[in-house]
Amino acid sequence: MNTLDRKTPPPAQPITKLSLTAPERTSLENGIPVYTLFNGQLDLIHILLNVRAGILHEEHKHVSHFAYSLLKESSSRYSATETADLLDFYGAHVTVSGNLDRTTIAISIPANNVTQILPTIFDFLARPQYRQDRLEIYQSLKIKDLEYNMQKTDVRNTQLLLHAVFGDSRTAGVFSTRENLQAVTLEQMYEFHRQTFCAENLTLFLTGNIDKDISACIRDLFSQVPHGTASAPILDLELPADPTRIIAEQMPGSVQSSIALSLVKTGYNAGDRREFSFLSTITGGYFGSRLMQNLRERNGYTYGVSAGSVYFGNQGLFIINSDVNADHTQAALDACFEELKRLQDEPVGDEELETVRNYLLGDLLRDVDNSVSYLKKYAYWKFFGHDEHEFQYMVEVIRNMKADTLSTMAKKYFDYNNFMQIIVGETRNLRRTFTK
């Protein structure tokens, strides 16, 4: 009897070329694009609905979040409790996630139940009947969340960062308050939904064992989405709105400080975006990153640190975040800039380059290793005008990355004076000068 060898790993195979299957593209009668990945082995049907309706499209603070988050409680036929019971009975799940420039509605339903429950789901998505009592309950919950979260340094740090970036001219930069939470009205929610939930703003992505009946049900329902006016493109904003480069706020009694270093940069379609993703990963994008090794492993300033980019319109933000020991706030900031400077001045070694290369290639494979994760990734690519070829483009960049390319980009982006510093917690002993 052969015993399984669990000590010797199988030989690693380099990723060279992997062609992804393109989803089948069709259109509904009202023009909504539909991308379908057929998977005969998946009896849980997944529907992703991308809507060009985000925080940067709203005129009133919180309206985009309220209008879409309360959809499940706004059926014209059932109460909120009855709707929840129906979804549970049919094994259906509906989740809503909002971003700066889009909202994603994710629906999953067992194949045998699609034709029974999807009409109910479509009804509250397309024709919500918002109720004053549900709005007031939600407002009360959000006010309690706000009061609790304002005691957290990381939440306050995020608020200050968004305000510094967007200012008061965009609701994304306006501080959340009890008053503007209570100011949201049913009329504002109806108007935002009417303006954004139209055929011109929607894209459908489907995967699973989709037979003719399921396909016909989906097409018949979503073809009823009315025409409207496409959301205006998010033009390049004057960022950051606040020219102050160090924003520090003391939080009495805090045992930690939340720090954020933010860099305004070009968007997802920038020519060096893929290369910058590699640099971002080395900087703070995985557990063995430069910042993790310095702040956590060598100095014990923090439990964790992260670095990554947020993209919207034609712009983006690169952000380094960490919650650090309050007594070492300035030391932690210095350590961050030390690593950024080292990436400019010292070529990345071959061993580290290969480690990050393998990490990123593995991460790419995880993004497409099943039809559901691939569908989510494809929907993200499509939002920015890309398709399945993006996978191979990323593979080529990762496989061919050179140390001198990383140094060049670090010199371009990681200059000390390019960053905003947002610090909340222990700020009394910070250096206030910004030129190094």
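Heads up: the structure comes first, above all this text.
Residues numbered from 1 in each chain as written. Predicted model: local features only at pLDDT ≥ 70, side-chain atom pairs only at ≥ 80, totals over all residues. Heavy atoms only, no water.

Peer 1: Sorry if this is basic, but what is going on with helix 3 (residues 114-126) here?
Peer 2: Owing to its 3.6 residues per turn, the α-helix brings residues three or four apart onto one side. Counted at 1.5 Å a residue, the expected span for helix 3 with its 13 residues is 18 Å, and the 17 Å between its end C-alpha atoms agrees. Helix 3 sits mainly inside the fold: 10 of its 13 residues count as buried. (Helix = DSSP H or I, 4+ residues; strand = E, 2+ residues; numbered from the N terminus. Expected span 1.5 Å × (residues − 1). Buried < 20%, exposed > 50% of the residue type's maximum accessible area, 1.4 Å probe, protein only.)

Peer 1: Is there a simple way to think about the sheet that holds strand 9 (residues 302-312) in this case?
Peer 2: In a beta sheet, neighbouring strands pair by backbone hydrogen bonds and run either parallel or antiparallel. Pairing is mixed across the open sheet formed by five strands, whose spatial order is 7-11-8-10-9. Since the sheet does not close on itself, it has two edges, and those belong to strand 7 (246-250) and strand 9, each with one partner. If you compare each strand with its neighbour and ignore which way they point, the axes differ by 15° on average. Sheet analysis places strand 8 (residues 256-266) next to strand 10 (residues 315-325), joined by 11 bridges and oriented antiparallel. (Pairing = 2+ DSSP bridges. Axes fitted to C-alpha atoms, helices over the stretch in contact; angles between N-to-C directions.)

Peer 1: I would appreciate a short explanation of the pattern of salt bridges in the present structure.
Peer 2: A pair can form between side chains of opposite charge whenever their charged atoms are brought close. As enumerated under the stated definition, the model contains 20 salt bridges in all. In this structure, Asp272 and Lys412 form a salt bridge, with 3.2 Å as the shortest nitrogen-oxygen distance. On the criterion of sequence distance, the pair formed by Asp272 in the loop between strand 8 and helix 9 (273-285) and Lys412 in helix 15 (residues 403-413) is long-range, its members being 140 residues apart. Taking the relative accessible area as the measure of exposure, Asp272 reaches 15% and is therefore buried. (Salt bridge = Lys/Arg side-chain N within 4 Å of Asp/Glu carboxyl O.)

Peer 1: Sorry if this is basic, but what is going on with helix 5 (residues 153-166) here?
Peer 2: Taking 1.5 Å per residue, 14 residues should reach 20 Å; helix 5 reaches 20 Å between its end C-alpha atoms and fits that length. For helix 5, the set of buried residues is Thr153, Arg156, Asn157, Gln159, Leu160, Leu161, Ala164, Val165 and Phe166. Where the residues of helix 5 are buried, they touch helix 4 (132-149), strand 7, strand 8, strand 9, strand 10 and strand 11 (420-425). Residue Gly167 follows helix 5 closely and has a positive phi angle near 65°. (Contact = heavy atoms within 4.5 Å.)

Peer 1: Honestly, unusual backbone geometry in this entry has me stumped. Any pointers?
Peer 2: Negative phi is the rule for most residues except glycine; trans is the rule for most peptide bonds. Residue Pro240 is reached from Leu239 by a cis peptide bond, and omega for that bond is -10°. If you trace the backbone, Pro240 turns up in the loop between helix 8 (212-222) and strand 7. The phi angle at His62 is positive, at roughly 80°, despite the residue not being glycine. Structurally, His62 is set in the loop between strand 3 (44-51) and helix 1 (63-69). Classification of His62 as buried rests on a relative accessible area of 12%.

Peer 1: Can you walk me through the sheet that holds strand 4 (residues 93-98) in this structure?
Peer 2: Sheet architecture is open: six strands sit in the order 1-2-6-3-5-4, paired in mixed fashion. This sheet does not close on itself; its edge strands, each paired only once, are strand 1 (24-27) and strand 4. Averaged over all neighbouring strand pairs, the angle between strand axes comes to 20°, with direction disregarded. Here six bridges tie strand 4 to strand 5 (residues 103-110), and the two strands are oriented antiparallel to one another. Bridge pairing in strand 5 places Gly98 opposite Thr103. Lying over the sheet, helix 3 contacts strand 3, strand 4 and strand 5, oriented at roughly 160° with respect to strand 5.

Peer 1: Please clarify how the packing of helix 9 against helix 12 (residues 350-367) should be interpreted in this entry.
Peer 2: Any two packed helices are characterised by how steeply their axes cross, that is the angle between the axes, and by the distance between the axes. For the pair helix 9 and helix 12, the least separation of the axes is 10 Å and the interaxial angle reads 105°. When the axes of helix 9 and helix 12 are compared, the pair comes out roughly perpendicular. Residues Phe278, Thr281, Ile282 and Gly285 of helix 9 pack against Glu352, Leu353, Val356, Arg357, Tyr359 and Leu360 of helix 12. Looking at the contact of helix 9 with helix 12, its residues break down into six nonpolar, two polar and two charged. (Parallel < 35°, antiparallel > 145°, perpendicular 65-115°, else oblique. Nonpolar A, V, L, I, M, F, W, Y, C, P; charged D, E, K, R; others polar.)

Peer 1: Is there a simple way to explain the environment of Asp5 in this structure?
Peer 2: Positionally, Asp5 belongs in the segment before strand 1. Sequence spacing of Asp5 and Thr21 is 16 residues, and the spatial spacing of their C-alpha atoms is 34 Å.

Peer 1: Just to check I follow, could you spell out the packing of helix 10 (residues 290-298) against helix 11 (residues 329-345) for this structure?
Peer 2: Where helix 10 contacts helix 11, the two axes come as close as 9 Å, and the packing angle between them is 145°. Handedness of the helix 10/helix 11 crossing: right-handed. Between helix 10 and helix 11, the contacting residues are Arg290, Leu291, Asn294, Leu295 and Arg298 on the first element and Ala332, Ala335, Cys336, Glu338, Glu339, Arg342 and Leu343 on the second. Residue classes in the contact of helix 10 with helix 11 are distributed as six nonpolar, one polar and five charged. (Left-handed = near helix turned anticlockwise from the far one by under 90°.)

Peer 1: What exactly am I supposed to notice about the pairing of strand 8 here?
Peer 2: Two faces, one strand: in a regular strand the side chains alternate between the faces of the sheet. The element strand 8 is extensively covered by neighbouring structure, given that eight of its 11 residues are classed as buried. In the sheet, strand 8 pairs with strand 11 via five bridges, with the strands oriented antiparallel. Across the sheet, the residue bridging to Ser262 is Met420, located in strand 11.

Peer 1: Is there a simple way to think about the packing of aromatic side chains in this case?
Peer 2: Pairs of aromatic rings are described using the distance from one ring centre to the other and the angle between the two planes. By the definition in use, this model includes 23 aromatic pairs. Taking the centre distance of 5.4 Å and the plane angle of 90° together, the rings of Tyr268 and Tyr380 count as edge-to-face. Taken together, the residues Tyr268 in the loop between strand 8 and helix 9 and Tyr380 in helix 13 (residues 371-383) connect sequence positions 112 residues apart. Tyr268 gets classed as buried once you look at its relative accessible area, which sits at 6%. Under the relative-accessibility criterion, Tyr380 is labelled partly exposed at 24%. When the centroid spacing of 6.1 Å and the interplanar angle of 45° are considered together, the rings of Phe414 and Phe419 count as tilted. Since its relative accessible area comes to 1%, Phe414 is described here as buried. Linked through ring pairs, Phe276, Phe318, Phe337, Tyr413, Phe414, Tyr416 and Phe419 together constitute an aromatic cluster. The ring of Phe175 has Arg156 lying over it, and the distance from NZ or CZ to the ring centre is 4.8 Å. (Phe/Tyr/Trp six-rings, centres within 6.5 Å; stacked < 30°, edge-to-face > 60°. Lys NZ or Arg CZ within 6 Å of the ring centre and 35° of its normal.)

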